[in-house]
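Topology and contacts: notes
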Amino acid sequence: MTRDRGDRPLILCLGGINMDLVTFSERLPADGETVVGERFVTYPGGKGANQAVAAARMETESAMIGKVGDDMFGPQLIDLLRSAGVETGAVGVAPETNSGIAVISVGEGGQNRIVQVLGANDTCGDAEYYAAAALLPQASALMLQLEVSIGLSIKVAELAASQGVRVILDPGPVRPVPGEFYRHVSVITPNETEAEALVGYPVTDVDTAASAAEELLARGVGSAVIKLGAQGAYWADGLASGMVPAFAVQAVDTVAAGDAFNGALAVALSEGHPLESAVRWGCAAGALSVTRVGAQDSMPERDAVQALLEQST
């Protein structure tokens, strides 16, 4: 059931907008090896744009802040965001710059390898800060990743936190995170690889996820959610903690599963769900996303997420 616009929180997303160039093959190549692929496709992507679409598909108001290039992909990327229900008034165009690109190789079972070129995403700066400042008073949550300037992200996170807006940080792609960033973050959501990069040791199971979450809480974040792929997600907020198991599905393409997770998590939290419940929403959305090919194309609708949640109770 579609709800009234007045009942829908505004989710802001400052982050990357990419065109994904995707190859599919029976297996991924080893170093120095060439394998013959089965097909090639292009999909709109970028962690920021994916999460904005994920929120929109959950029937909330979603606004994207970022940049595309002045190449052939730029207008396509903006039009595709609009068609998904995302507000794009704060998406600019960087002159004489290529749009962000991700080259993705997908093997059997949906496992993937990604090479990303930031392009126009790396030109975000003052214009995007002022766009965020104008929208934050109406926002219930701000979603950030690490595809735009760390300095810009910290400034916007600080502004959001000062206004009581929930800041959700997905610390990918892996980049150093300054210590000052953590204290502005309401919820941090690394996957295993990102968590290892942040804490300096492998994060592979519940015990190591619990240890990583405690370390991140000690750095100043309000809550930590460690995404463990097929195992589920571990959450901790300093008062309670727990593990939400993954939903059993047949994976086709794991690209952007974490973005589906974050979009659903942000919406659930904005609607007043406690953290554990919101993590279940995230796990359900992530599970549904891996059953479809593509990034933004795989972001699930709210009805599908709710149906999967109801089936599991």
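This text follows the structure it describes.
Now for a quick tour of the structure. Just so you know, these numbers come straight off a predicted model, no measurement behind them. (Residues numbered from 1 in each chain as written. Predicted model: local features only at pLDDT ≥ 70, side-chain atom pairs only at ≥ 80, totals over all residues. Heavy atoms only, no water.)

**As for the pattern of salt bridges**
A complete count under the given rule lists ten salt bridges for this structure. Lys-47 is the partner of Asp-259 in a salt bridge, and the nearest nitrogen-oxygen pair spans 3.0 Å. One end of the pair, Asp-259, is in helix 8 (residues 257-270); the other, Lys-47, is in helix 1 (residues 47-57), with 212 residues separating them in the sequence. In this structure, the salt-bridge partner of Arg-219 is Glu-215, at a minimum N-O distance of 2.8 Å. Residue Arg-219 is classed as partly exposed on the basis of its relative accessible area of 27%. A residue is classified by how much of its surface remains accessible, and Glu-215, at 32% relative accessible area, is partly exposed. (Salt bridge = Lys/Arg side-chain N within 4 Å of Asp/Glu carboxyl O. Helix = DSSP H or I, 4+ residues; strand = E, 2+ residues; numbered from the N terminus. Buried < 20%, exposed > 50% of the residue type's maximum accessible area, 1.4 Å probe, protein only.)

**Considerations on the layout of surface pockets**
In this model, the largest pocket occupies a volume close to 1300 Å³. Taken together, 40 residues form the lining of the largest pocket, with Asn-112, Asn-191, Thr-254, Ala-257 and Gly-258 sitting closest to its centre. Put simply, the parts of the chain that give the lining of the largest pocket at least two residues each are strand 2 (18-24), helix 1, strand 6 (100-106), strand 7 (112-117), helix 6 (192-199), strand 12 (232-236), helix 8 and helix 9 (275-289). It is helix 8 that provides the largest number of residues to the lining of the largest pocket, a total of four residues. Taken together, the residues of the lining of the largest pocket break down into 19 nonpolar, 13 polar and eight charged. (1 Å grid on protein atoms, 1.4 Å probe; cavity = no way out; pocket = protein on both sides within 12 Å on 5 of 7 lines; lining within 4 Å. Points joined across faces, edges and corners; volume = space filled by probe spheres on them. Nonpolar A, V, L, I, M, F, W, Y, C, P; charged D, E, K, R; others polar.)

**Comments concerning the environment of Leu-12**
Structurally, Leu-12 can be placed in strand 1 (residues 10-14). Separated by 50 residues in the primary sequence, Leu-12 and Ser-62 have C-alpha atoms spaced 6.0 Å apart. Those residues in contact with Leu-12 that sit more than four places away from it in its chain are Ala-63, Ala-132, Leu-135, Leu-136, Ala-139, Ala-141, Leu-142 and Met-143. (Contact = heavy atoms within 4.5 Å.)

**Observations concerning the side chain of Asp-20**
Along the chain, the position of Asp-20 falls in strand 2. Of the side chains with opposite charge, Lys-47 lies nearest to the buried Asp-20, which makes no salt bridge, at 10 Å. (Lys, Arg positive; Asp, Glu negative; His and termini not counted.)

**Notes on the side chain of Glu-194**
Mapped onto the elements, Glu-194 comes out in helix 6. Although Glu-194 is buried, it makes no salt bridge; Lys-47 carries the closest opposite charge, 4.8 Å away. With residues near it in sequence (within four places) discarded, Glu-194 still touches Asp-170, Pro-171, Gly-172, Val-174 and Thr-189.

**Regarding the packing of aromatic side chains**
For any two aromatic rings, the description comes down to two numbers: the centre-to-centre distance and the angle of the planes. A full pass over the atoms with the stated rule returns one aromatic pair. An angle of 75° between the planes, with centres 5.4 Å apart, marks the rings of Tyr-129 and Tyr-130 as edge-to-face. Of the residues examined, Tyr-129 reaches a relative accessible area of 18% and is grouped as buried. Residue placement shows Lys-155 over the ring face of Tyr-129; its charged tip is 4.4 Å from the ring centre. (Phe/Tyr/Trp six-rings, centres within 6.5 Å; stacked < 30°, edge-to-face > 60°. Lys NZ or Arg CZ within 6 Å of the ring centre and 35° of its normal.)

**Examining the environment of Ser-270**
In this fold, Ser-270 is placed in helix 8. There is a polar contact of 3.1 Å between the side chain of Ser-270 and the side chain of Ser-140. (Polar contact = N/O pair within 3.5 Å; in protein donor to acceptor, adjacent residues only side chain to side chain.)

**Some details on the nonpolar core**
Within soluble globular proteins, side chains that are nonpolar tend to cluster in buried spots. Among the nonpolar cores identified, the biggest contains 62 residues, and Ile-17, Met-64, Val-225, Leu-265, Val-279 and Val-305 are the most heavily contacted of them. Looking at this core element by element, the count peaks at nine residues for helix 9. Discounting chain neighbours no more than four positions away, the residues touching Ile-17 are Gly-45, Gly-46, Ala-49, Met-64, Gly-66, Lys-67, Val-68, Leu-77, Leu-81, Val-91, Gly-100 and Asn-121. Ala-131, Leu-136, Leu-169 and Leu-228 belong to the second largest nonpolar core, which has 46 residues in total. (Core = buried A, V, L, I, M, F, W, Y, C linked by side-chain atoms within 4.5 Å.)

**Here's the deal with unusual backbone geometry**
In this structure, Pro-173 follows Gly-172 across a cis peptide bond, with omega equal to -5°. Among the structural elements, Pro-173 can be located in the loop between strand 9 (166-169) and helix 5 (179-182). Its identity is not glycine, yet Glu-59 carries a phi of approximately 65°, on the positive side. Summarising the element assignment, Glu-59 is placed in the loop between helix 1 and strand 4 (61-69). Given a relative accessible area of 14%, Glu-59 falls into the buried group. Non-glycine residue Glu-96 carries a positive phi angle of around 55°. One can find Glu-96 in the loop between strand 5 (86-94) and strand 6.

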